[in-house]
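Chains, contacts and geometry: an overview
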Amino acid sequence: MGAVMGTFSSLQTKQRRPSKDKIEDELEMTMVCHRPEGLEQLEAQTNFTKRELQVLYRGFKNECPSGVVNEETFKQIYAQFFPHGDASMYAHYLFHAFDITQTGSVKFEDFVTALSILLRGTVHEKLRWTFNLYDINKDGYINKEEMMDIVKAIYDMMGKYTYPVLKEDTPRQHVDVFFQKMDKNKDGIVTLDEFLESCQEDDNIMRSLQLFQNVM
Amino acid sequence: MAAGVATWLPFARAAAVGWLPLAQQPLPPAPGVKASRGDEVLVVNVSGRRFETWKNTLDRYPDTLLGSSEKEFFYDADSGEYFFDRDPDMFRHVLNFYRTGRLHCPRQECIQAFDEELAFYGLVPELVGDCCLEEYRDRKKENAERLAEDEEAEQAGDGPALPAGSSLRQRLWRAFENPHTSTAALVFYYVTGFFIAVSVIANVVETIPCRGPARRPPREQPCGDRFPLAFFCMDTACVLIFTGEYLLRLFAAPSRCRFLRSVMSLIDVVAILPYYIGLFVPKNEDVSGAFVTLRVFRVFRIFKFSRHSQGLRILGYTLKSCASELGFLLFSLTMAIIIFATVMFYAEKGTNKTNFTSIPAAFWYTIVTMTTLGYGDMVPSTIAGKIFGSICSLSGVLVIALPVPVIVSNFSRIYHQNQRADKRRAQQKVRLARIRLAKSGTTNAFLQYKQNGGLEDSSSGEEQALCVRNRSAFEQQHHHLLHCLEKTTCHEFTDELTFSEALGAVSLGGRTSRSTSVSSQAVGPGSLLSSCCPRRAKRRAIRLANSTASVSRGSMQELDTLAGLRRSPAPQSRSSLNAKPHDSLDLNCDSRDFVAAIISIPTPPANTPDESQPSSPGGGGGASSTLRNSSLGTPCLLPETVKISSL
């Protein structure tokens, strides 16, 4: 009788173990670690100094110890700056503009490269980056639907309590104004050249491009 | 390679002298090692506590933060040390790993915090040494289970947040699953419960003998036969309600196949089926026996109560999870019964007029004795039989008493887990509400800043309120960011009060005569529009007059749902709860880009690189937003035309 009970208890524990291990395996496989290239290399590739890169990395590492940002974390971080509204759609488009290789995660190098363009790049580079942001499907053209998505995402960040009260067709009007200005040949899509040309003609845009030089 | 191997490398290389005579080809030249400053002492400053170690020690594990070039990102050239803004107590364990090759788990620290430190320093949790591995795994699993419970509770108790556009099906299902969400659901819940009780009681009362009509001799009949019509009506009513409920559930279920296979639906079917079978079975003698058996299944209706009682569900779940213990109990009992029945049979074989006629007949005696019931309808008479009978009863106590505590402890654990989950769910709502309240400080800071005339021209600096001037750099830049967004969209942030006033004004304007509404709109909110977006103001004023209140309310609802998606603070993202402006440290980084989100919180002021930060509040930001700003809303950027009227 005792032998039977002994075998039974051991059988039970063996049955239980495999399911426990499965959970553990899952837990451990989520630890993806990525280490960035050396400081010197990054300094050469970007327009930042070593100190600036250090500051950037420390912050990056604090938020994402694994070395990569995934879209969820990105959205959460970005949403904290816009507590009034919903920044998730705009963060989504931003994320895909940062994630050049479309791997679904942004490494420190991608992050720093994009920042280097945005903060220290030439006007041409900045405008091209913005074009890339607007071009959601990355086909080289901006059409009205893509622009509508982007503009809607921006208006979403305003939230509910705005003054004056937000109307349903405000984004559409906004997009129409934009296309009126940017689409030179009125074919319904904006190409990179049209975009660059129109932006360079506009003094306001040129002036405000210089506004954000001194972020660091 | 293991920790100490590197130390033995010079020895191994020296021992290569033994190969020289045998080598048939010239050996390759030795690698030119730079002036090896191998015995260099590195200083690692973790939050003020200085740790000093050899460079070699850290180089032992080149795939970690400290062993690779990643630590150069944390190097402070001024002080010549590596600075980490982390927990010094935990760092001790990390450094010991480099020294000894074994990672130990601190007993008194939270396992989550320890995990985060490991993730930061690039150490994989497998490296935890054998001495601490068991405990580490147990604690981690406990935590993971608790987190999973929390998530389940959040998803399950997602009561009020149902999207507005849900279909009738979805709402029905939600009403069925969480009866507390609406009064109708609650009423339905109680009505079905009542009818289950009525049905069960009717089944029971049906069999009580009532005194028949005055007859000599008075015959006793079960009540069911005496009032067949009444009972039949009651049964029909209950079955109709149960059928209706089942069909409604079937209709509302998101996954019908899964619903059909679930236990509760099977119970429902078994509860109502006998009635329908009884309807269609003709009342002849052959089948009526089977029909009577079917009536037994009506008692299954009592199981329908498990939807109404959580305790019943826990009991059922416990039994399911203790299936192996129960199986063991059954098996060992069977074995013991067979053994003892055989023994008793052969012991009592000799006696005359004995009850132990066969071994199966002795089973009854064994069961009754082992469970200590002792009816006394079968007793041994021989001495041998009595001896074995007593052994039988003693061992019965043991066999039954052993698995029972396991089942009981399982039940207790599951029950307490449920209690805890319920309590936590209740507390979670309060917690989230408090967190939301704290975070609203950030939201209101910008509105307050605007009210205090912060957006006025800075030339009239003397009139600005003190609070406006004394904002930290983070606040300034964050407010600039929000201000840029306002300019992009030509709308302003307001608080709920002003918004509802404006909403009221719009809806009122829509209802009164068109002409007056146009003028009132043009004067009121329209004035802002005309100054802000001159091109579109005229178009918009006309559109305002034409739009009915319902349209605006529709868009409000849309925005409502969008804005209503409040995200709970992320467990990984450290800066979530600390994003209050006055809590953050003073820095030179703008918060517009998520760059600053990341930089702003951890970096201490002393470390900021250049003091060349322009003092104007407008400094810093991501160029991308400005681009959108300007390209989409050109008129909005002209500072002169924007005169924001007082809110």
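This structure is a prediction, so every number in the text was calculated from the model and none was measured.

Attention now goes to the UniProt feature "transmembrane region" (unreviewed entry) in chain B. All names here are of chain B. Here the UniProt-annotated "transmembrane region" (unreviewed entry) positions come out as residues 260-281, 326-347, 359-375 and 387-408. Counting secondary structure, residues 260-281 comes out at 91% helix and 0% strand; the distance between its end C-alpha atoms is 26 Å. Secondary structure over residues 359-375 splits into 71% helix and 0% strand, and the C-alpha atoms at its two ends are 18 Å apart.

Let us look at the packing of helix α14 (residues 323-347) of chain B against helix α15 (residues 359-370) of chain B. Residues and elements named next belong to chain B. The contact between α14 and α15 brings their axes to 8 Å, and the two run at 120 degrees. Judged on the interaxial angle alone, α15 and α14 are oblique. Considering how the two elements wind past one another, α14 and α15 form a crossing that is right-handed. In contact with L333, A336, I337, I338, F340, A341, T342, M344 and F345 of α14, α15 contributes I359, A362, F363, Y365, T366, I367 and M370. Its residues assigned to classes, the contact of α14 with α15 comprises 14 nonpolar, two polar and no charged.

Let's shift gears to the sheet that holds strand β2 (residues 49-54) of chain B. Residue and element names in this part refer to chain B. Overall, mixed pairing links the four strands, which are arranged β2-β1-β4-β3 in an open sheet. In this open sheet, the two strands that pair with only one neighbour each are β2 and β3 (75-76). Alignment of strand β1 (residues 41-46) against β2, held across six bridges, turns out to be antiparallel. Its bridge partner being in β2, V41 is matched across the sheet by W54. Where helix α3 (residues 88-100) meets the sheet, it contacts β1 and β2, and its direction lies at approximately 5 degrees from that of β2.

Below, the discussion takes up the packing of aromatic side chains. Residues and elements named next belong to chain B. Inspection of the entire model under this criterion finds 42 aromatic pairs over all chains. Relative to Y98, the ring of Y61 has its centre 5.7 Å away and its plane inclined at 75 degrees; by these criteria the two rings are edge-to-face. Within this pair, whereas Y61 is found in the loop between α2 (55-59) and β3, its partner Y98 is found in helix α3, the two being separated by 37 residues in sequence. Like Y98, Y61 is buried.

This part covers a nonpolar patch on the surface. All names here are of chain B. Residues L312, L315, L319, L326, F411 and Y415 make up a contiguous nonpolar surface patch of roughly 460 Å² in combined accessible area. Mapped by element, the contributors of at least two residues to the nonpolar patch are α13 (310-321) and α17 (403-451). A per-element tally of the nonpolar patch places α13 first, with three residues. Within the secondary structure, L319 is located in helix α13.

For the rest of this paragraph, the subject is the UniProt feature "domain: EF-hand" (unreviewed entry) in chain A. Residues and elements named next belong to chain A. Feature annotation in UniProt places "domain: EF-hand" (unreviewed entry) on residues 86-121, 122-157 and 170-205, given in this structure's numbering. Segment residues 122-157 splits into 69% helix and 8% strand. End C-alpha atoms: 28 Å apart. The distance separating the terminal C-alpha atoms of residues 170-205 is 21 Å; by composition the span is 72% helix and 8% strand.

Quick look at the pattern of salt bridges now. Residues and elements named next belong to chain B. Considering all chains together, one arrives at 25 salt bridges over all chains under this definition. Of the charged contacts in the structure, one is a salt bridge between E245 and K304, with a shortest N-O distance of 3.7 Å. Here K304 lies in the loop between α12 (285-296) and α13 and E245 lies in helix α9 (residues 228-252), a separation of 59 residues in the sequence. The same class applies to E245 as to K304, namely buried. The network of salt bridges with common partners includes E245, R249, D268, K304 and R307.

All right, on to the packing of helix α9 (residues 170-182) of chain A against helix α10 (residues 192-201) of chain A then. Residue and element names in this part refer to chain A. Axis separation between α9 and α10 bottoms out at 9 Å; the angle between their running directions is 90 degrees. Here α9 lies roughly perpendicular to α10, going by the angle between them. Touching F178, K181 and M182 of α9 are E194, F195, S198 and C199, all from α10. Here the contact of α9 with α10 is built from residues that sort into four nonpolar, one polar and two charged.

Glancing now at α9(B). All names here are of chain B. Along its 25 residues, α9 runs 36 Å from first to last C-alpha, staying within 8% of the 36 Å computed at 1.5 Å per residue. If you check which residues of α9 are buried, you get F231, D235, C238, V239, F242, T243, E245, Y246, R249 and A252. Its buried side turned inward, α9 meets α6 (168-177), α7 (183-205), α8 (223-226), α10 (256-261) and α11 (263-280).

What counts as what
- Residues numbered from 1 in each chain as written.
- Chains lettered and ligands numbered in written order.
- Predicted model: local features only at pLDDT ≥ 70, side-chain atom pairs only at ≥ 80, totals over all residues.
- Heavy atoms only, no water.
- UniProt positions renumbered as here; feature names shortened; annotations may be inferred.
- Helix = DSSP H or I, 4+ residues; strand = E, 2+ residues; numbered from the N terminus.
- Axes fitted to C-alpha atoms, helices over the stretch in contact; angles between N-to-C directions.
- Parallel < 35°, antiparallel > 145°, perpendicular 65-115°, else oblique.
- Left-handed = near helix turned anticlockwise from the far one by under 90°.
- Contact = heavy atoms within 4.5 Å.
- Nonpolar A, V, L, I, M, F, W, Y, C, P; charged D, E, K, R; others polar.
- Pairing = 2+ DSSP bridges.
- Phe/Tyr/Trp six-rings, centres within 6.5 Å; stacked < 30°, edge-to-face > 60°.
- Buried < 20%, exposed > 50% of the residue type's maximum accessible area, 1.4 Å probe, protein only.
- Patch = residues over 30% accessible without salt bridge, like charges linked within 9 Å, V, L, I, M, F, W, Y side chains within 5 Å.
- Areas by Shrake-Rupley, 256 points an atom, 1.4 Å probe, with all protein chains shown as cover.
- Salt bridge = Lys/Arg side-chain N within 4 Å of Asp/Glu carboxyl O.
- Expected span 1.5 Å × (residues − 1).

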